[in-house]
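# Overview (structure and organization)
Each chain, letter by letter, is given below.
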Amino acid sequence: MGDYMEYLKKIFKFFIYKCSQIKSGEAKLSISKDSVYTLFRLITHPLDAFNDIKYEGKASLALANIMVALFLFERLIGEACTAYLFGAPEAERMGFWMILATTAGLVLIWSICNWAVSTLFDGEGAFKEIWIMTAYSLLPYLFLYPISVALSYVASSDEAVMLSVLSVIAVGWTLILAFLGMIVCQQFTVSKTVILAVVTALAIFALLFLGLLFFSISQQIVSFIRNLSMEIFL
Amino acid sequence: MKRFLLITAVFLLALLQLSVSCGAITVNDSYMYDEDNRSYHAPEAYSAEKIVYGEDITDSALRNPQDLYVSDTNIYIADTENNRIIVTDLDFGLVEVIDYVIENGEQSEFFAPEGVFYGKDGLLYICDTENGRVVAIDKNRNVVRKMLGENLVAVNESIQFKPSKVAVDKDSTVYVVAPDIYQGILQYNEKGEFMGFFAPNEVKVTIGVKLIAMWKDIFSDEQQDKMEKNLPLPYNNIYIGKNGYIYTTAANVEVGDEIKCLNALGDNILRTPQTLRDAVAFGDLETSYENGELISSSFTDIHTDEDGIFCAVDSTRCRIFQYDRECNMISIFGGRGDEKGKLEKPVAIEKLGDSYLVLDADRNCITVFSPTDYIVKVHNALEKYNTGLYSESVEEWQEVLKLNSNYVIAYRSIGRALLQEGDFKEAMEMLQKGNDPYFYSIALKEYRKEFVRYNLVWMLPLAVILIVGLIFAVKFIRKWLISAKKGIDRNGD
């Protein structure tokens, strides 16, 4: 738990630092009111909103990045603050790096793989578009997850079903939005988008596997070189 | 110089001795599991009071003794490889050695008797294992009843009836456990006639079992005969306590079936705790590996007292686990080793007064474990709690917590007692510490109700204000955003 709070503090400090930079004019936060409006239009008119993002340019990268950061932040707080009845026991909670990997890391690797695969599939999406649309799709989850964390304090185990329904809605809605985003972004048919999603998931696994392989092999090489040098010089 | 060195050496040696003896005092490897199923050092629950060897009772040592039974007046030891039953009084003074019985006027000797039980009908029941019979004898060693394996339908003809443990209920119904017989516990009526099988262990139908069954269909009948059959596992011990329930143990069975408490219909009435998260119901909760193989507890004997507290012997790690009637672990004692209080191959457990007798088949001795103050406090608190004296039990549990601040059942019981008394907030805190989600949930519901009742005065207006404020805020933001849409300012401010 200790390092967990450390990371939270660091993130918070970074946030304040950025805010002060923006205030003093060192950094520029280019979020137009338009892009915020488009974000909220996702709730009522998702396809229109995605079209606006793709063709009218009514989206901002900064807002998308903030969404992803919020995702990470909410999961960090939610993991530590969910009430006893619904949270994981302290010994089994995810650590900071695990949460980072399953929030920001997941969005990033999804975007990368989706972009890579869609290029093979003759999709029209640019990486920036995919990243923004994926991040924007997080909106329902970002709204509903804090609510479910708050409700966990007043819900007894009889009402556990309600909480799980809430989380299913949150995740399901986000997935649907992400799916619609893919359709608009790549200009694919529905069936082709399904295939794209499946292949993207496979690509993620392949990437993770390769990454792991690379990591362990490089580790072995490093230890081999170290042992060799130790044998020679010592 | 020489003298100086000598003094230094002596001083150092003394120091060494001192540090070693300090270590020996503080070393205490007894442990318990906390609410997250992690082990921690706990006060010693039972300490070895004395060790009784065969030489202390008779003139010869025990050889691979397998069973122990304590009646109101006597202790019975099945001294298996000496082919005899030793009867002592409660102070281990020899009463008699039974090495033959009188059957139809003729003497008949035992052959490796593995089980002994003294029934309420005044008869001594002995599993004469290698002779394939269970005999009930009276005071004069006359066989009153004899139970054989004639009518058994065993898995194949070659398996012989080798009864290993026996228990008798108050109606003189005899329950016999034999390691080769998987159909269940053998039940004999008061005349010694075989009645049927009782409460077999079940084979759980898993995907693996289904797949093997599908695979088997392809083969011919001959091939199928040679394949391993998917049969339920036999029991390895049985005990009928003073409360009349039948307690059984079995090894390598499904999780939760290792220890069963059976009612008259053969249903298991033990409930494993609701907080069970891992796939372990009894025994050590932390898994360990030895040479790459998972070591799991396997139980060989069980004893239950009139309060429903039961002790089970784990032969894998030579430990004894004590549970209350709700299957909450109370204490762990024993352990593998040569020294006093450790065991090499525990096979049987019995209770004598407040102490436990554990029979060791490898060291051929009986270790007497007597309760420490700590466990006596625990038992007192449990008894008070179970009889409904909640406020008194809270005080007792507080005493226990002073000795062992991680004791889960204490927190749990205090929480439940406070819940009974209506102190919901405190109860919630205690139940969380005791990891009892079921009662925590009840306490939460009550606390919620109480909270709303006292705070409705300001909560209702606040809720109305919040909702109205939210609606207005959404409308305002929407208007602002739409107005911006018409503007030219793309980059914001």
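Residues numbered from 1 in each chain as written. Chains lettered and ligands numbered in written order. Predicted model: local features only at pLDDT ≥ 70, side-chain atom pairs only at ≥ 80, totals over all residues. Heavy atoms only, no water.

## Observations concerning the overall build of chain A
- A tally of regular secondary structure across chain A gives 10 helices and 0 strands.
- Starting at the N terminus and ending at the C terminus, chain A contains elements arranged as α-α-α-α-α-α-α-α-α-α.
- Judged by the C-alpha coordinates and their principal axes, chain A covers about 70 × 50 × 45 Å.
- Expressed as a percentage of contacts within chain A between residues at least 6 apart in sequence, the contacts between residues at least 24 apart total 78%. (Helix = DSSP H or I, 4+ residues; strand = E, 2+ residues; numbered from the N terminus. Contact = heavy atoms within 4.5 Å.)

## A look at the state of the cysteines
- Under the counting rule described, the total for this entry stands at 0 disulfides over all chains.
- Free cysteine B:Cys261: the closest other cysteine sulfur is in B:Cys327, separated by 8.8 Å. (Disulfide = S-S within 2.5 Å.)

## Some thoughts on the side chain of A:Lys54
Residue and element names in this part refer to chain A.
- Note on placement: Lys 54 falls in helix 3 (residues 46–56).
- For Lys 54, a relative accessible area of 12% gives the class buried.
- A polar atom in the side chain of Lys 54 sits 2.7 Å from the side chain of Glu 129.
- Apart from the residues within four sequence positions on either side, Lys 54 is in contact with Glu 124, Gly 125, Glu 129, Met 133, Val 184 and Cys 185. (Buried < 20%, exposed > 50% of the residue type's maximum accessible area, 1.4 Å probe, protein only. Polar contact = N/O pair within 3.5 Å; in protein donor to acceptor, adjacent residues only side chain to side chain.)

## Things to note about unusual backbone geometry
Residues and elements named next belong to chain B.
- Residues other than glycine seldom take positive phi values, yet Arg 141 does so here, at roughly 65°.
- Tracing the sequence through the fold places Arg 141 in the loop between strand 12 (133–137) and strand 13 (143–148).
- Assessed through its relative accessible area of 14%, Arg 141 is described here as buried.

## A few points about the sheet that holds strand 14 (residues 165–168) of chain B
All names here are of chain B.
- One open sheet accounts for 4 strands, arranged 14-15-16-17; its pairing is antiparallel. Of all strands in the sheet, those bounded by a partner on one side alone are strand 14 and strand 17 (194–198). Strand-to-strand twist in this sheet, taken as the mean axis angle between neighbours without regard to direction, amounts to 25°.
- In the sheet, strand 14 pairs with strand 15 (residues 174–177) via 4 bridges, with the strands oriented antiparallel. Within the sheet, the bridge partner assigned to Lys 165 lies in strand 15 and is Val 177. (Pairing = 2+ DSSP bridges. Axes fitted to C-alpha atoms, helices over the stretch in contact; angles between N-to-C directions.)

## Here's the deal with the side chain of A:Thr103
- In this structure, A:Thr103 sits in the loop between helix 5 (96–102) and helix 6 (104–120).
- Here A:Thr103 is in contact with A:Phe71, A:Leu72 and A:Arg75, once residues within four sequence places are set aside.

## Observations regarding the confidence of the model for chain B
Residue and element names in this part refer to chain B.
- Predicted confidence across chain B gives a mean pLDDT of 84, with 89% of residues reaching 70 or more.
- Within chain B, no element has a lower average pLDDT than helix 1 (residues 2–26), which sits at 52, and none a higher one than strand 28 (residues 355–360), at 94.
- Segment residues 17–27 is flagged for pLDDT under 50; beyond a separation of four residues in sequence, or across chains, it makes 0 contacts in the model.
- In this model residues 487–493 is a low-confidence stretch, pLDDT under 50, and it forms 9 contacts with partners more than four residues away in sequence or in other chains. (pLDDT = per-residue confidence, 0-100.)

## Describing the packing of helix 6 (residues 390–403) of chain B against helix 7 (residues 408–421) of chain B
Residues and elements named next belong to chain B.
- Axis separation between helix 6 and helix 7 bottoms out at 9 Å; the angle between their running directions is 155°. Here helix 6 is positioned roughly antiparallel relative to helix 7, judged by the angle of their axes. Every pair of crossing elements has a handedness; the one defined by helix 6 and helix 7 is left-handed. Where helix 6 abuts helix 7, its residues Tyr 390, Ser 391, Ser 393, Val 394, Trp 397, Gln 398 and Leu 401 lie against Ile 409, Ala 410, Tyr 411, Ser 413, Ile 414, Ala 417, Gln 420 and Glu 421. (Parallel < 35°, antiparallel > 145°, perpendicular 65-115°, else oblique. Left-handed = near helix turned anticlockwise from the far one by under 90°.)

## A word on the packing of aromatic side chains
- A complete count under the given rule lists 30 aromatic pairs over all chains for this structure.
- Between B:Tyr374 and B:Tyr407 the ring centres are 6.1 Å apart and the planes differ by 70°, which places this aromatic pair in the edge-to-face class. Placement of B:Tyr374 in helix 5 (residues 373–386) and of B:Tyr407 in the loop between helix 6 and helix 7 is noted, with a sequence separation of 33 residues between them.
- Look at B:Tyr438 and B:Phe439: their rings are 5.4 Å apart centre to centre, the planes differ by 85°, and that puts the pair in the edge-to-face class.
- With relative accessibility at 45%, the residue B:Tyr438 sits in the partly exposed group.
- Given the relative accessible area of 22%, B:Phe439 is considered partly exposed.
- A cation over a ring is seen here: A:Lys54 above A:Tyr55, with NZ or CZ 5.9 Å from the ring centre.
- Over the face of the ring belonging to A:Phe188 we find A:Lys192, whose NZ or CZ atom lies 4.5 Å from the ring centre. (Phe/Tyr/Trp six-rings, centres within 6.5 Å; stacked < 30°, edge-to-face > 60°. Lys NZ or Arg CZ within 6 Å of the ring centre and 35° of its normal.)

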